[in-house]
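A structural walkthrough
Each chain, written out:
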Amino acid sequence: MLLFRSEEWIEKWYKRNNLERGEVLTINQVWELSKPWYDNRLSLEYHGRSVEEAEEIFRQVGLNSAFWHM
Amino acid sequence: MSNDTLLWQIRHFVYQHFADTTLPPGVDESALHFHISTEEAGEYYKELNNRHAFFLEPDTFSVRMAWPFSAVPTDFIVHANGKTYYANCAWDMLGIPVVLKSDAVMEAVCTESNETVQLEIKDGQITNHQSTNYQLLIHFPLPFTRWYHNLIFT
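Every residue gets a number counted from 1 within its own chain, in the order that chain's sequence is written. As a convention, the first chain written is A and the first ligand written is 1, with the rest following in written order. The predicted nature of this model means local features are confined to residues of pLDDT at least 70 and side-chain atom pairs, given and counted, to a pLDDT of 80 or more, with totals for whole chains, interfaces and linings taken over all residues. As a rule here, side-chain values cover all heavy atoms of the structure and leave hydrogens and water aside.

Listed per partner, the contact involves 48 residues of chain B and 44 residues of chain A. Summing the contributions of chain B and of chain A, the shared interface buries around 4700 Å²; its carbon and sulfur component is 68%. When two parts are brought into contact, each loses some accessible area as probed by a 1.4 Å sphere; the total of that loss over both is the buried area. By the criterion of area lost to chain A, the three top residues of chain B are L137, H139 and F144 of chain B, representing 18% of everything that side buries. Salt bridges are identified by distance alone: a Lys or Arg side-chain nitrogen within 4 Å of an Asp or Glu carboxyl oxygen. Here chain B and chain A share three salt bridges between them. Close ionic contact of K101 of chain B with D39 of chain A constitutes a salt bridge, the shortest N to O distance being 3.2 Å. Of all the secondary structure elements, the ones that give two or more residues to the side of chain B that touches chain A are α1 (4–21), α4 (90–100), β6 (104–109), β7 (116–122), β8 (125–128) and β9 (137–140) of chain B. Residues count as neighbours in contact if any of their non-hydrogen atoms are within 4.5 Å of one another. The secondary structure listing takes helices from DSSP runs of H or I that are at least 4 residues long and strands from runs of E that are at least 2 residues long, numbered from the N terminus.

Structure, rendered in structure tokens:
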């Protein structure tokens, strides 16, 4: 996942690399997503998560489009 | 290799080593820590790689990614707890202070403009140290269904 200063720079990047468009989130949205996503990574009990658990985290932070679902 | 408890203990050791030192342990270091042979530790490393618990450099036992940590320098730098970490991507950069449960100062490069931006996490709040008249954005190139197809690109 790459960082951009603005939508304008993303458009330039798409055009220069001839890439299909992905999903763009603000840094604040990604910060809110990071909290539940990474919270327990250092725990011995963390063994990964199921697709359903991942989708639940996306839902919690308002990511409801098809991009965020299996 | 048949010990699931040891498998997850090794995963935990790798992550804790990353957090403590900014780098992953070598497979020989893990072997020594758990009093097993290097070959056996290598089998556990391969199994953890297969289960996406971390990502090995192809055809090696070197841990390249234990999300959010990167073993190789990247454009996403995190200063926290008096240490400097590398993250695999912009999202992982924000994950490091969450994992460490600490404040952090982060430096990242805008992919297209090449401008370096500085961010800070303090008391759970994120601050953009650049001019506040623009909102930094993070691009997710692939939908969730394809995240594990090409981990380096993702």
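When DSSP finds two or more bridges between two strands, those strands count as paired. If you walk across this open sheet you meet the three strands as β1(A)-β9(B)-β2(A), and the pairing is antiparallel. Looking at the sheet topology across the chains shown, the edges are occupied by β1 (2–4) and β2 (23–26) of chain A. In this sheet, adjacent strand axes meet at a mean angle of 30° when their direction is disregarded. In this sheet, β9 of chain B lies alongside β2 of chain A in antiparallel orientation, the contact comprising four bridges. By the bridge assignment, L25 of chain A is partnered in β9 of chain B with I138 of chain B. Lying over the sheet, α4 of chain B contacts β1 of chain A together with β9 of chain B, oriented at roughly 115° with respect to β9 of chain B. Between N-to-C directions, angles cover 0 to 180 degrees, with each direction set by a line fitted to C-alpha atoms, over the stretch in contact for helices.

Before going further, it helps to spend a moment on the packing of α1 of chain B against helix α2 (residues 27–34) of chain B. All names here are of chain B. Here α1 crosses α2 at 120°, and the two axes come no closer than 11 Å. Comparing the axis directions of α1 and α2 gives the class oblique. Here α1 runs over α2; the crossing is right-handed. Residues L6, Q9, I10, F13, V14 and H17 of α1 form the contact with α2, whose participating residues are E29, S30, H33 and F34. Under the convention adopted here, Pro, Cys and the residues Ala, Val, Leu, Ile, Met, Phe, Trp and Tyr are nonpolar, Asp, Glu, Lys and Arg are charged, and Gly plus all remaining residues are polar. Among the residues making up the contact of α1 with α2, the classes are represented as five nonpolar, four polar and one charged. Should an angle fall under 35 degrees it is taken as roughly parallel, and over 145 as roughly antiparallel, whereas 65 to 115 is taken as roughly perpendicular and any remaining angle as oblique. Note on convention: the crossing is left-handed when the near helix lies turned anticlockwise from the far helix by less than a right angle, right-handed when the turn is clockwise.

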